[in-house]
Amino acid sequence: MKKNIITGLVLLVWGSVFYSCTSEKTVQADFDIIPLPQHVEKISSDKGFELAGTTSIVYPEGDEAMKRNAEFLSGYIAGQTGKKLDVTDKKVEKNAIVLSTGLDDKNPEAYRLVVGDNNISIQGASAAGVFYGIQTLRKAMADTEHGNVVYPAVEINDFPRFSYRGVHLDVSRHFFPADSIKRFIDMLALHNINRLHWHLTDDQGWRIEIKKRPELTTIGSKRAKTVIGRNSGEYDNVEYGGFYTQDEARDIVKYAQERFITVVPEIDLPGHMQAALAAYPYLGCTGGPYEVWQQWGVSEDVLCVGNDETLKFIEDVLGEIVEVFPSEYIHVGGDECPKVRWQKCPKCQARIKALGIKSDAKHTAEQKLQSYIIGYLKQCFFGEHLLSKESTKSVAIVESEKSALIASSYLPQYLWIASGGKNGCFREENLNILKGRNVVLFPDLGATDDWSTRISTMQRMGITAKIFDYLEKNATSEQRKNGFDIADFLLEMKQPQAILQAMIAKNPALNLLIKELNLKLIEEPVRPISTAKRKGFKL
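Remember, it's a predicted structure, so these values are computed and weren't measured experimentally.

**Comments concerning the overall build of the protein**
Here is step 1: Along the protein, the regular secondary structure elements total 15 helices and 22 strands.
Here is step 2: Among the 539 residues that make up the protein, the fraction classed as buried is 54%.
Here is step 3: Here the analysis covers contacts within the protein between residues at least 6 apart in sequence; of these, 74% occur between residues at least 24 apart.
Here is step 4: Of the roughly 24,800 Å² that the protein leaves accessible, carbon and sulfur atoms contribute 52%.

Have a look at this one:
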């Protein structure tokens, strides 16, 4: 009797194991993802492809970039299904995901993804295109620890609407360690973002090592305390700081490059420089003393443009920045530079006189002095004065009509990062400022505002919709390299629906954008890099 019971238990356990191994559930993949591919066509003659533990990932022999793509895909699948697929450069006839380049498409980031009964093929116009096809396959895959994923039979032909797809990350006000930056880059890769705009310096902290100027990090990276809330007058009395060594920055740049993301550093000047002045007070108009700013906003203490030492400082800093960051573009700010100190500074006024700068009906002499320093940056980047790195371009941010008109005379052919800000730079009558330039829009979806100013944020979205429409209608085939740079990937709003509905009713452009993105009005905010589904959201 005892023997029969034991035998029965063994058979029961064996049967359970056999059942669990042979009856894995299947989970259906879904290509309703963010961003939505440009063209998805179902293949009615095929049943689809079942992704199993025996599936192989095939890449071209000798292609290291494609090998890395294959390993990324294998890692993604393992993380979502628990299945570790073999990666090989040998030919596999069936049950494989085949990666290749050679797609005939003018867009270098385009790809074609075909799901058949026997294989899945991802062919890109470049390794980057294949990478984005991998992200599409990844996002369509449901998480399942005990089962196989079935992909519907489809042919997807996809390409990005914008060549520059960026997200802005400010680490000056709020520092994030290197591993968190890498995690953020992973999120960007998931959403086909190809630029990380890395805001490294500001009044509230200097975050990148400059070997010729060590005090920028030993002093400028630390603020003694931080204001609580929006400049309430109350402080936390806790020292706050942190910075990245150049080796850490290079490692982050490499990590991003492997995921086809370019890191664009921002060294904001001549304003937003109080942290630098705390380290080198002689660079300011008053001589200090200064401290790393403990509140929000823009300090009136800026670099003294009349001081030749300031020009040497700029050369030292940017000379090292371009060696750490291989990006084609280096962001130099150029916006939000209060002129209060320059108006009273003997050195700045002497510089104005020496340059023969005169005010006019539209611009003060100090505003034109700001143009001088932007022009000096151009000389640094393209003359022998500092660099001979021909591939490097400087980038200035345009936040007002005045700054756009001043700076445009110095950098007419280079990329602009443009914000639809409250100063009205992109009122409809001023859109001609953009003509003939590659433009990267910064919609500023509330990221740089106090959270209470939600209505102005929504109004700026309407302006952004107009700009996108304008660019699409006026760009030539050679100029169609426009893009966007956003701090919140999807719309973020927290206002009563009645207010939002009223705003939308009065703003046809905003209404158009809401419909295009198929956004729903909600009470709770949608956080950045949301995985919520929004059909029609194409980048």
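Once you've had a look at it, read on.
**Structural notes on the environment of Glu-234**
Here is step 1: Residue position: Glu-234 is located in the loop between β15 (222-223) and β16 (240-241).
Here is step 2: Taking the C-alpha atoms as reference points, Glu-234 and Gln-295, separated by 61 residues in sequence, lie 9.9 Å from one another.
Here is step 3: Look past the residues within four positions of Glu-234 in its chain and what remains in contact with it is Thr-226, Val-227 and Ile-228.

**Observations regarding unusual backbone geometry**
Here is step 1: A cis amide bond links Ile-34 with the next residue in sequence, Pro-35, at an omega value of -10 degrees.
Here is step 2: For Pro-35, the location among the structural elements is in the loop between β1 (25-28) and β2 (39-42).
Here is step 3: Cis geometry is adopted by the peptide bond preceding Pro-270, which originates at Leu-269 and carries an omega value of 5 degrees.
Here is step 4: Residue position: Pro-270 is located in the loop between β17 (262-269) and α7 (274-279).
Here is step 5: Of note in this structure, Asn-231 is not a glycine but carries a positive phi near 50 degrees.
Here is step 6: Mapped onto the elements, Asn-231 comes out in the loop between β15 and β16.
Here is step 7: When its relative accessible area of 32% is taken as the criterion, Asn-231 is described as partly exposed.

**Side note on the pattern of salt bridges**
Here is step 1: This model, assessed by the stated rule, comprises 17 salt bridges.
Here is step 2: One salt bridge connects Arg-213 with Asp-316, and the closest N-O pair in it is separated by 3.0 Å. Taken as a pair, Arg-213 in the loop between β14 (205-206) and α5 (215-218) and Asp-316 in helix α8 (residues 308-324) lie far apart in primary sequence, 103 residues in all. Note on accessibility: Arg-213 and Asp-316 belong to one class, buried.

**Some thoughts on the sheet that holds β1**
Two modes of strand pairing occur in sheets, parallel and antiparallel, and in both the strands are linked by backbone hydrogen bonds.
Here is step 1: Spatial ordering of the open sheet is given by β1-β9-β3, a layout of 3 strands whose pairing is mixed. Each of the sheet's edge strands pairs with one partner strand only, and the pair in question is β1 and β3 (49-51). Strand after strand, the sheet turns through a mean of 35 degrees between neighbouring axes, direction not considered.
Here is step 2: Here 4 bridges tie β1 to strand β9 (residues 147-151), and the two strands are oriented parallel to one another.

**Looking at the packing of aromatic side chains**
Here is step 1: All chains considered together, the criterion is met by 11 aromatic pairs.
Here is step 2: With a centroid separation of 6.0 Å and an interplanar angle of 70 degrees, the aromatic rings of Phe-131 and Tyr-132 are classed as edge-to-face. For the pair shown, Phe-131 and Tyr-132 are each scored as buried.
Here is step 3: The interplanar angle of 50 degrees and the centroid separation of 5.3 Å between the aromatic rings of Phe-131 and Phe-260 together place this pair among those described as tilted. Here Phe-131, found in helix α3 (residues 127-140), pairs with Phe-260, found in the loop between α6 (246-258) and β17; they are 129 residues apart in sequence, far enough to count as distant.

**A few points about the pairing of strand β7 (residues 111-115)**
Here is step 1: The alternating pattern of β7 places Tyr-111, Leu-113 and Val-115 on a buried face and Arg-112 and Val-114 on a face that is not buried.
Here is step 2: Sheet topology note: the β7/strand β8 (residues 119-124) ladder contains 5 bridges and is antiparallel. By the bridge assignment, Tyr-111 is partnered in β8 with Gly-124.
Here is step 3: The pairing of β7 with strand β10 (residues 154-158) spans 4 bridges and is classified as antiparallel.

**Things to note about the state of the cysteines**
Here is step 1: Within the structure shown, the criterion is met by 0 disulfides.
Here is step 2: For Cys-337, which is in no disulfide, the shortest distance to another cysteine sulfur is to Cys-285 and amounts to 8.9 Å.

**Let's talk about the sheet that holds strand β5 (residues 86-88)**
Here is step 1: In space, the 7 strands of this open sheet follow the order β2-β10-β7-β8-β6-β4-β5, with mixed pairing throughout. Each edge of the sheet is formed by a strand with only one pairing partner; in this case those strands are β2 and β5. Here the average twist between neighbouring strands, direction ignored, is 15 degrees.
Here is step 2: Lying over the sheet, α3 contacts β6 (96-101), β7, β8 and β10, oriented at roughly 140 degrees with respect to β8.

**Describing the nonpolar core**
Here is step 1: The biggest cluster of nonpolar side chains holds 100 residues, and the ones touching the most others in it are Tyr-151, Trp-198, Trp-206, Ile-267 and Phe-313.
Here is step 2: Excluding residues within four positions of it along the chain, Trp-198 makes contact with Leu-169, Val-171, Ile-181, Tyr-244, Ala-249, Ile-252, Val-263, Val-264, Pro-265, Glu-266 and Phe-325.

**A closer look at the environment of Gln-295**
Here is step 1: With respect to the element layout, Gln-295 can be found in the loop between α7 and α8.
Here is step 2: In this structure, the C-alpha to C-alpha distance between Gln-295 and Asp-203, residues 92 residues apart in sequence, is 8.9 Å.
Here is step 3: When residues no more than four places from it in sequence are discounted, the contact partners of Gln-295 are Gln-204, Val-227, Asn-231 and Tyr-235.

**Digging into the confidence of the model for the protein**
Here is step 1: Per-residue pLDDT for the protein averages 76, and the proportion of residues at 70 or more is 65%.
Here is step 2: Below a pLDDT of 50 lies the segment residues 382-391, which in the model reaches 22 contacts outside its immediate sequence neighbourhood of four places, other chains included.
Here is step 3: Note that residues 506-510 has pLDDT below 50 and, in this model, 9 contacts with residues that lie over four places away or in other chains.

**Examining the packing of helix α4 (residues 178-190) against α6**
Here is step 1: Contact pair α4 / α6: the axes reach a minimum separation of 10 Å and the direction vectors enclose 15 degrees. With respect to their mutual orientation, α4 and α6 come out roughly parallel. Between α4 and α6 lies a crossing whose hand is right-handed. Of α6, the residues touching α4 (which contributes Ala-178, Ile-181, Lys-182, Ile-185 and Asp-186) are Glu-248, Asp-251, Ile-252, Tyr-255 and Ala-256.

**Regarding the environment of Ala-52**
Here is step 1: Within the fold, Ala-52 resides in the loop between β3 and β4 (56-58).
Here is step 2: The exposure class of Ala-52 is buried, given its relative accessible area of 16%.
Here is step 3: Taking the C-alpha atoms as reference points, Ala-52 and Thr-26, 26 residues apart in sequence, are found 9.7 Å from one another.
Here is step 4: If near-sequence neighbours (up to four positions away) are discounted, Ala-52 is found in contact with Lys-83, Leu-85 and Asn-148.

Calculation criteria
Residues numbered from 1 in each chain as written. Predicted model: local features only at pLDDT ≥ 70, side-chain atom pairs only at ≥ 80, totals over all residues. Heavy atoms only, no water. Helix = DSSP H or I, 4+ residues; strand = E, 2+ residues; numbered from the N terminus. Buried < 20%, exposed > 50% of the residue type's maximum accessible area, 1.4 Å probe, protein only. Contact = heavy atoms within 4.5 Å. Areas by Shrake-Rupley, 256 points an atom, 1.4 Å probe, with all protein chains shown as cover. Salt bridge = Lys/Arg side-chain N within 4 Å of Asp/Glu carboxyl O. Pairing = 2+ DSSP bridges. Axes fitted to C-alpha atoms, helices over the stretch in contact; angles between N-to-C directions. Phe/Tyr/Trp six-rings, centres within 6.5 Å; stacked < 30°, edge-to-face > 60°. Disulfide = S-S within 2.5 Å. Core = buried A, V, L, I, M, F, W, Y, C linked by side-chain atoms within 4.5 Å. pLDDT = per-residue confidence, 0-100. Parallel < 35°, antiparallel > 145°, perpendicular 65-115°, else oblique. Left-handed = near helix turned anticlockwise from the far one by under 90°.

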